[in-house]
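# Survey of secondary and tertiary structure
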Amino acid sequence: LGTASAALFLVMRSGQFSQQTEVASHLGNSLFNMVTVIGEADWHSIYDLNKGSANHYFAATSTGQLLVQSGDQRSFHINTDFTRYFYAENVSRDSNGNIESVYNSVTDDPFTQKITIGVSWPVYGTTNAISSVTYITRWRNRIFRQTDWSGGSGQEGPVASVNNKFTSQTNINF
């Protein structure tokens, strides 16, 4: 009876662990999908984050829009408290275009970010965790065509929105 009870306990515990790991995997994949959507909508909302494993973020809906928020996100599933987060790191590429294993600011790739997703949960006094690393790229750029120059010179810095000015003038009839 004792052996059967111990075996039953191990089977149940194994089943619970599998279920928790499956939920954790789903939470991590869901977070990755949200980070990808945010990066495609506004690259700088990912690129401008503080970098490194000490800077945790999560994605959440605020005022009907998916946004990056600072910290860890907690959620409760199957009687377990899960915590998930992501952090971003800059990426550099070698002369062949391959991602370098150690970041080198000289060969920085501003169009790629390394995203690490982490999910953890408590199990019998310890903490189990899974993590995954993936890369997101900026592949969609917004451009505009300016046809009205009637505002004259005076445009300084990068142009964030279409206007009717230009930087300077030399032999231009505007």
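Procedures and definitions
- Residues numbered from 1 in each chain as written.
- Predicted model: local features only at pLDDT ≥ 70, side-chain atom pairs only at ≥ 80, totals over all residues.
- Heavy atoms only, no water.
- Helix = DSSP H or I, 4+ residues; strand = E, 2+ residues; numbered from the N terminus.
- Buried < 20%, exposed > 50% of the residue type's maximum accessible area, 1.4 Å probe, protein only.
- Contact = heavy atoms within 4.5 Å.
- Areas by Shrake-Rupley, 256 points an atom, 1.4 Å probe, with all protein chains shown as cover.
- pLDDT = per-residue confidence, 0-100.
- Phe/Tyr/Trp six-rings, centres within 6.5 Å; stacked < 30°, edge-to-face > 60°.
- Lys NZ or Arg CZ within 6 Å of the ring centre and 35° of its normal.
- Polar contact = N/O pair within 3.5 Å; in protein donor to acceptor, adjacent residues only side chain to side chain.
- Pairing = 2+ DSSP bridges.

### Overview of the overall build of the protein
- Scanning the protein from N- to C-terminus turns up two helices and eight strands.
- Listed by position from the N terminus, the elements making up the protein come as α-α-β-β-β-β-β-β-β-β.
- Taken across its 174 residues, the protein has 26% of its residues classed as buried.
- Taking contacts inside the protein between residues at least 6 apart in sequence as the whole, the part at least 24 apart equals 48%.
- With an accessible surface of roughly 11500 Å², the protein has 52% of that area assigned to carbon and sulfur atoms.

### A short note on the confidence of the model for the protein
- In the predicted model, the protein carries a mean pLDDT of 86, and the fraction of residues at 70 or more is 85%.
- Looking over the protein, one finds the lowest element-wise mean pLDDT in helix 1 (residues 2–41), namely 78, and the highest in strand 4 (residues 80–92), namely 97.
- Contacts from residues 7–12, a stretch scored under 50 in pLDDT, to residues over four places away or in other chains number zero contacts.

### Observations concerning the packing of aromatic side chains
- Overall, the coordinates contain three aromatic pairs when judged by the stated rule.
- Plain terms: the ring middles of Trp 43 and Tyr 47 are 6.3 Å apart, the flat faces sit at 25° to each other, and that makes the pair stacked.
- Judged by relative accessible area, which is 22%, Tyr 47 ranks as partly exposed.
- Here Phe 82 and Trp 121 contribute two aromatic rings whose centre-to-centre distance is 5.7 Å and whose plane-to-plane angle is 40°, an arrangement assigned as tilted. With Phe 82 in strand 4 and Trp 121 in strand 5 (residues 108–123), this pair connects stretches of sequence that are 39 residues apart.
- The class for Trp 121 is buried, based on a relative accessible area of 2%.
- Between Lys 51 and the ring centre of Tyr 47, over which it is positioned, the NZ or CZ distance is 5.1 Å.

### Here's the deal with the side chain of Thr 112
- Its location among the elements puts Thr 112 in strand 5.
- One polar contact links Thr 112 to Arg 93, side chain to side chain, over a distance of 3.2 Å.
- At a separation of 2.6 Å, a polar atom in the side chain of Thr 112 contacts the side chain of Asp 109.
- When neighbours within four sequence positions are excluded, Thr 112 is seen to be in contact with Trp 43, Val 91, Arg 93, Ile 99, Tyr 135, Ile 136 and Thr 137.

### Looking at the pairing of strand 1 (residues 57–62)
- Here six bridges tie strand 1 to strand 2 (residues 65–70), and the two strands are oriented antiparallel to one another. By the bridge assignment, Ser 62 is partnered in strand 2 with Gln 65.
- Between strand 1 and strand 2, which pair antiparallel one after the other, the connecting turn spans two residues, and Thr 63 there sits at a positive phi close to 50°.

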